[in-house]
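# Observations on the model geometry
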Amino acid sequence: MRNTRTLTRRAALTATAVTAALLLAACGNDSGSASSGHQGHSSASSSAGANATTAAHNAQDVSFTQGMIPHHQQALEMAKLAADRASSAEVKDLAARIEKAQDPEIQTMSGWLKSWGKDVTRSDSSMESMPGMDHSAHSDMPGMMDSKDMAKLEKASGADFDTMFLTMMIEHHKGAIEMAATEKDKGKYGPATSMSDGIITAQTAEITEMNKLLGKN
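Since this is a predicted model, take the numbers as computed values, not measurements. (Residues numbered from 1 in each chain as written. Predicted model: local features only at pLDDT ≥ 70, side-chain atom pairs only at ≥ 80, totals over all residues. Heavy atoms only, no water.)

## Some details on the overall build of the protein chain
From N to C terminus, the protein chain includes 6 helices and 0 strands. For the protein chain, the α and β elements follow one another from N to C terminus as α-α-α-α-α-α. A buried classification covers 33% of the 217 residues belonging to the protein chain. Of all intrachain contacts in the protein chain linking residues separated by at least 6 positions in sequence, the fraction that spans at least 24 positions is 77%. (Helix = DSSP H or I, 4+ residues; strand = E, 2+ residues; numbered from the N terminus. Buried < 20%, exposed > 50% of the residue type's maximum accessible area, 1.4 Å probe, protein only. Contact = heavy atoms within 4.5 Å.)

As structure tokens, then:
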């Protein structure tokens, strides 16, 4: 009798253990599925967020980029003149640094506009086409020189060129800083606002340098 009860009890315990094991396995599978689904959603959300961040821009970003490209172009045109016309080594060095800094920014901004499906105001064929660019079309932008100003600079040489170049470039830089400040305040596209911050920092320092060269500091 005792053997029968013992066998019955063992059978009951075995059945209970098997049932518990099956339940635990089922719970484990459900938990894994839920976890897997959550991870997949998080990954998809992160990917979508990254894409949204990359593409996020507003009308101010477009306006800034389309304006800063010709603004930089004119600075490069002025800088190129310094190589042959400037008498001061400091002016030539400054002009070379301006050219080195701003040409890559033009390339970068052109890429932004293309990715946004907007017109790129720069002619991508060659910077050599710049001397014939229509300055009057952009003379309403802060710091932009008009055709008469550029003609005077092209005719100048030596010390006269140095003074004229520095005076004009200071005004040009002030205009760029004004445009960059507006972009920082109202723009949405991270790379554009970051570039604006760099423009403000670099060109503010160059204005100080140019004022020193003019004997104003």
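## Examining the packing of helix H5 (residues 158–186) against helix H6 (residues 190–213)
At a minimum axis separation of 8 Å, H5 and H6 run at an interaxial angle of 155 degrees. Judged by the angle between their axes, H5 and H6 are roughly antiparallel. At the point where H5 passes H6, the crossing takes the left-handed sense. Partitioned by chemical class, the residues of the contact of H5 with H6 number 13 nonpolar, 6 polar and 5 charged. (Axes fitted to C-alpha atoms, helices over the stretch in contact; angles between N-to-C directions. Parallel < 35°, antiparallel > 145°, perpendicular 65-115°, else oblique. Left-handed = near helix turned anticlockwise from the far one by under 90°. Nonpolar A, V, L, I, M, F, W, Y, C, P; charged D, E, K, R; others polar.)

## Points about the environment of glutamate 77
Topologically, glutamate 77 is positioned in helix H2 (residues 59–85). By relative accessible area, glutamate 77 is classed as buried at 4%. Sequence separation between glutamate 77 and glutamate 154 is 77 residues; the distance between their C-alpha atoms is 9.9 Å.

## Some details on the packing of aromatic side chains
Scanning the model with the defined rule gives 4 aromatic pairs in all. The interplanar angle of 20 degrees and the centroid separation of 5.7 Å between the aromatic rings of phenylalanine 161 and phenylalanine 165 together place this pair among those described as stacked. One end of the pair is phenylalanine 161 and the other is phenylalanine 165, both in helix H5 and 4 residues apart, which spans about a single turn. Owing to a relative accessible area of 0%, phenylalanine 161 belongs among the buried residues under this scheme. Among the aromatic side chains, those forming a connected cluster through ring pairs are Trp112, Trp116 and Tyr189. (Phe/Tyr/Trp six-rings, centres within 6.5 Å; stacked < 30°, edge-to-face > 60°.)

## As for the nonpolar core
Membership of the largest hydrophobic core comes to 23 residues, with the highest contact counts inside it found for Met78, Leu153, Phe161, Phe165, Met169 and Met210. Contributions of two or more residues to this core are made by H2, helix H3 (89–116), helix H4 (147–155), H5 and H6. It is H5 that provides the largest number of residues to this core, a total of 7 residues. With near-sequence residues (within four places) excluded, methionine 210 lies in contact with Leu94, Leu166, Met169, Ile170 and His173. Of all hydrophobic cores here, the second largest spans 19 residues; its members include Met109, Met144, Met179 and Ala180. (Core = buried A, V, L, I, M, F, W, Y, C linked by side-chain atoms within 4.5 Å.)

## Structural notes on the environment of methionine 164
Position of methionine 164 among the secondary structure elements: in helix H5. Excluding residues within four positions of it along the chain, methionine 164 makes contact with Lys152, Leu153 and Ala156.

## Comments concerning the confidence of the model for the protein chain
Per-residue confidence for the protein chain gives a mean pLDDT of 78; residues scoring 70 or more make up 65%. Here residues 1–8 is modelled with pLDDT under 50, and outside its nearest four sequence neighbours on either side it reaches 0 contacts, counting other chains as well. pLDDT under 50 marks residues 11–54. Its contacts with residues more than four places away, or in other chains, come to 1 contact. (pLDDT = per-residue confidence, 0-100.)

## Structural notes on H6
Taking 1.5 Å of rise per residue, the 24 residues of H6 would be expected to cover 34 Å, and the 35 Å separating its terminal C-alpha atoms lies within 8% of that figure. Listed in full, the buried residues belonging to H6 are Ala192, Met195, Ser196, Ile199, Gln203, Glu206, Ile207, Met210 and Asn211. Two residues or fewer past H6, glycine 215 is found with a positive phi of approximately 80 degrees. (Expected span 1.5 Å × (residues − 1).)

## Let's talk about the packing of H3 against H5
Running from N to C, H3 and H5 cross one another at 35 degrees; their axes reach a closest spacing of 11 Å. Seen along the crossing, H3 lies across H5 with a hand that is left-handed. In contact with Val91, Leu94, Ala95, Ile98 and Gln102 of H3, H5 contributes Asp162, Phe165, Leu166, Met169 and His173. Grouping the constituent residues of the contact of H3 with H5 by class yields 7 nonpolar, 2 polar and 1 charged.

## A short note on the pattern of salt bridges
In the structure shown here, the tally under the stated rule is 5 salt bridges. Across the pair aspartate 93 and arginine 97 runs a salt bridge whose closest N-O atoms are separated by 2.9 Å. Remark: arginine 97 and aspartate 93 occur in helix H3; sequence separation between them is 4 residues, near one turn of the helix. Among the residues examined, arginine 97 registers a relative accessible area of 33% and is labelled partly exposed. Lysine 184 is paired through a salt bridge with aspartate 197; the nearest N and O atoms lie 3.0 Å apart. Placement of lysine 184 in helix H5 and of aspartate 197 in helix H6 is noted, with a sequence separation of 13 residues between them. For lysine 184, a relative accessible area of 41% corresponds to the partly exposed category. (Salt bridge = Lys/Arg side-chain N within 4 Å of Asp/Glu carboxyl O.)

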